[in-house]
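Spelled out from the first residue to the last, the chains are:
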Protein chains: 2
Amino acid sequence: MIQLRDCFPFWKALTKEQQNTMEESAVKRTFEKGTLLHAGEEDCVGLIAVAEGLLRVYTVSEEGKEMTMYRLLERDVCLFSASCIFQDIRFDVMVSAAEDTTVYHIPAELYRRLMETSLPVMEYTSRLMASRFSDVMWLMDQVMNKKLDSRLAAFLLEEAGRMGTDRLELTHEQIGGHLGSAREVVSRMLKHFQKEGLVQLGRGSITLSDEEGLTRLAQGSLM
Amino acid sequence: MIQLRDCFPFWKALTKEQQNTMEESAVKRTFEKGTLLHAGEEDCVGLIAVAEGLLRVYTVSEEGKEMTMYRLLERDVCLFSASCIFQDIRFDVMVSAAEDTTVYHIPAELYRRLMETSLPVMEYTSRLMASRFSDVMWLMDQVMNKKLDSRLAAFLLEEAGRMGTDRLELTHEQIGGHLGSAREVVSRMLKHFQKEGLVQLGRGSITLSDEEGLTRLAQGSLM
């Protein structure tokens, strides 16, 4: 399993004492698939580093509509679960376990002190923020400018690649949550995909039957 | 006019030498309304701090659709015009003068050196990034979840407040650029507003006639 030190590229730049404090304060916890790890601003749980599994970071609109911002794989770190230490972060995110997931949990106050005394830690934090910002800008471009069919095709391909299988066990509701669309809209589009021979729909599963066609569609051309 | 030191809260934390270097390297330039100051990634002009005027920071989709991310007023600083020094920024923005605007231009390389040696500068940069990130998350929420009528009403009110007048000289095309909508869509909505007695449309101008109604609409309720 991934170690704490593997999640933080600045590890070697820390003093021995800082390393010890971090290792002693970090708590390893396992969450079952579906568990909510962090729910918005009032819940400043600290930094979360993924040791094993998969987390989903998303926003929820006032009307309850979910939208996935990005997903965190092994070694990835979530800053926004410690948003109380970043005064200028004025938005809330939710973090939930998309699979059974083991994380290292670093107390917010400890990280704040590290950041305030170590330039490499501050630099890492800033870079991580820039990287997440870029993810969200990409997403915004997708939402603004790409049609749902391209986004759905891209999502199915990405998911198949990540899981190493052509048969995805996902509900239409889950897909809607990722794409910020209603379940009905996703279902309709999937039925259209099936008619075009791109996928095969089963009970609680979607099988990719024409990866080439999906790739063309994901690139926003044709059809 | 705003001085260079007024734009950067970390000024007092710099050494005398760093302050001198910054003042000697910063170039004061004035741009006419409509001038493009920065056009995407390949154009790493450095940091831009607004001494007087108003800048618009926006993205352009592949199809040429513009979307305002935020606007920079006096004392505001644009990081993304120096995106070459932030490796993890993987998106392009355009910066143009929305009014005749005077800026201080700080060379990218100089700022990078400052950031790498001064924790307060790094911290400021990180906070600024967090703040812009928050602006964009707010925008994304607007785009995803609010209807155009609310967003248009909010924009008209904000603009009237900023200019201190009820009579706005804006084309429907400009408004479309701000809201990420086509000119036709904006025109149609403005005509609808006029019918409802919210605005009065003139040649190249829009007069707000019912601020209370617009405010209700901006808050996303009623109508």
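Everything below is about the structure shown above.
Here the residue numbering is sequential within each chain, running from 1 through the sequence in written order. Ligands are numbered from 1 and chains lettered from A, in the order in which they are written. Per-residue local features of the predicted model are confined to residues with pLDDT of at least 70, and side-chain atom pairs are confined, for both listing and counting, to 80 or more; whole-chain, interface and lining totals are unaffected and use all residues. No hydrogens and no water enter the side-chain calculation; it runs on all heavy atoms of the structure.

**Considerations on the overall build of chain A**
Consideration 1: A run of H or I in DSSP counts as a helix once it spans at least four residues, and a run of E counts as a strand once it spans at least two, with each numbered from the N terminus. If you tally the helices and strands in chain A, you get eight helices and eleven strands.
Consideration 2: For chain A, the spread of C-alpha atoms along the three principal axes comes to 60 × 35 × 30 Å.
Consideration 3: Residue burial in chain A is summarised as follows: out of 223 residues, 52% are buried.
Consideration 4: All accessible-area figures derive from a Shrake-Rupley calculation using a 1.4 Å probe, and residue coverage is judged against the displayed protein chains alone. Approximately 10,800 Å² of chain A is accessible, and the part contributed by carbon and sulfur atoms is 45%.
Consideration 5: When charges are counted, Lys and Arg are positive and Asp and Glu negative, with His and the chain ends excluded. For the purpose of locating charges, the reference atoms are NZ of Lys, CZ of Arg, CG of Asp and CD of Glu. Charge centroids of chain A, computed over 26 positive and 34 negative side chains, lie 3 Å from each other. Exposure is judged per residue with a 1.4 Å probe applied to protein chains only, and the accessible area is read against the type maximum: over 50% gives exposed, under 20% gives buried, and values in between give partly exposed.

**Looking at the pairing of strand β8 (residues 101-106) of chain A**
Residue and element names in this part refer to chain A.
Consideration 1: Most of β8 sits out of view: five of its six residues are buried.
Consideration 2: Following DSSP output, two strands are said to pair if at least two bridges run between them. By the bridge criterion, five bridges tie strand β1 (residues 27-31) to β8 in an arrangement that is antiparallel. If you follow Phe-31 over to β8, its bridge partner there is Thr-101.

**Here's the deal with the state of the cysteines**
Consideration 1: Cysteine sulfur atoms that pair up within 2.5 Å are treated as a disulfide. Inspection of the entire model under this criterion finds two disulfides over all chains.
Consideration 2: The side chain of Cys-44 of chain A participates in a disulfide bridge whose partner is Cys-84 of chain A; the two sulfur atoms lie 1.7 Å from each other. A torsion of -65° about the S-S bond marks the disulfide between Cys-44 of chain A and Cys-84 of chain A as left-handed. Within this pair, whereas Cys-44 of chain A is found in the loop between β2 (36-39) and β3 (47-52), its partner Cys-84 of chain A is found in the loop between β6 (77-78) and β7 (94-97), the two being separated by 40 residues in sequence.
Consideration 3: Judged by its relative accessible area of 27%, Cys-44 of chain A is partly exposed.
Consideration 4: Cysteine Cys-78 of chain A remains unbridged, with the sulfur of Cys-44 of chain A as its closest cysteine sulfur at 11 Å.
Consideration 5: Note on Cys-7 of chain B: no disulfide assigned, nearest cysteine sulfur contributed by Cys-78 of chain B at a separation of 13 Å.

**Describing the packing of aromatic side chains**
Consideration 1: Planes of paired rings set the category: under 30 degrees apart is stacked, over 60 is edge-to-face and the rest tilted, where pairs are Phe, Tyr or Trp rings (Trp by its six-membered ring) whose centres lie within 6.5 Å. By the definition in use, this model includes 13 aromatic pairs over all chains.
Consideration 2: Ring centres of Phe-133 of chain A and Phe-80 of chain B lie 5.4 Å apart, and the angle between their planes is 80°; on these two criteria the pair is classed as edge-to-face. Remark: Phe-80 of chain B occurs in the loop between β6 (77-78) and β7 (94-97) and Phe-133 of chain A occurs in helix α4 (residues 119-145); the pair is interchain, linking two chains. The same class applies to Phe-133 of chain A as to Phe-80 of chain B, namely buried.
Consideration 3: Both rings, one in Phe-133 of chain A and one in Phe-91 of chain B, keep their centres 5.1 Å apart while their planes meet at 45°; by these two values the pair is tilted. With Phe-133 of chain A in helix α4 and Phe-91 of chain B in the loop between β6 and β7, this residue pair bridges two chains.
Consideration 4: Among the residues examined, Phe-133 of chain A registers a relative accessible area of 0% and is labelled buried.
Consideration 5: The class for Phe-91 of chain B is buried, based on a relative accessible area of 10%.

**Considerations on the interface of chain A and chain B**
Consideration 1: Between chain A and chain B, the contact holds 37 residues from the first and 37 residues from the second.
Consideration 2: For the pair chain A and chain B, the summed buried area comes to about 3,300 Å², and 70% of that belongs to carbon and sulfur atoms.
Consideration 3: Here the quantity called buried area is the total loss of accessible area, with a 1.4 Å probe, experienced by two parts when brought into contact, counted for both. On the chain A side of the contact with chain B, Phe-133, Met-140 and Met-144 of chain A bury the most area, a combined 20% of that side's loss.
Consideration 4: Basic side-chain nitrogens of Lys or Arg form a salt bridge, by our definition, when they fall within 4 Å of a carboxyl oxygen of Asp or Glu. The interface formed by chain A and chain B includes four salt bridges.
Consideration 5: With a shortest N-O distance of 2.7 Å, Arg-127 of chain B and Asp-88 of chain A are connected by a salt bridge.
Consideration 6: In protein, a polar contact requires one atom able to donate a hydrogen and another able to accept it; more generally it is a pair of N or O atoms within 3.5 Å, and residues adjacent in sequence count only if both atoms are side-chain atoms. Scanning the region where chain A abuts chain B turns up twelve residue pairs in polar contact (both at pLDDT 80 or more).
Consideration 7: For the side of chain A that touches chain B, the elements supplying multiple residues, two or more each, are β5 (66-72), α3 (108-117) and α4 of chain A.
Consideration 8: Sorting elements by how many residues they give to the side of chain A that touches chain B places α4 of chain A first, with 20 residues.
Consideration 9: Basically, the charged four are Asp, Glu, Lys and Arg, the nonpolar ten are Ala, Val, Leu, Ile, Met, Phe, Trp, Tyr, Cys and Pro, and anything else, Gly included, counts as polar. In terms of residue class, the side of chain A that touches chain B is built from 17 nonpolar, ten polar and ten charged. Only heavy atoms matter for contacts: two residues are in contact if any of them lie within 4.5 Å across the pair.

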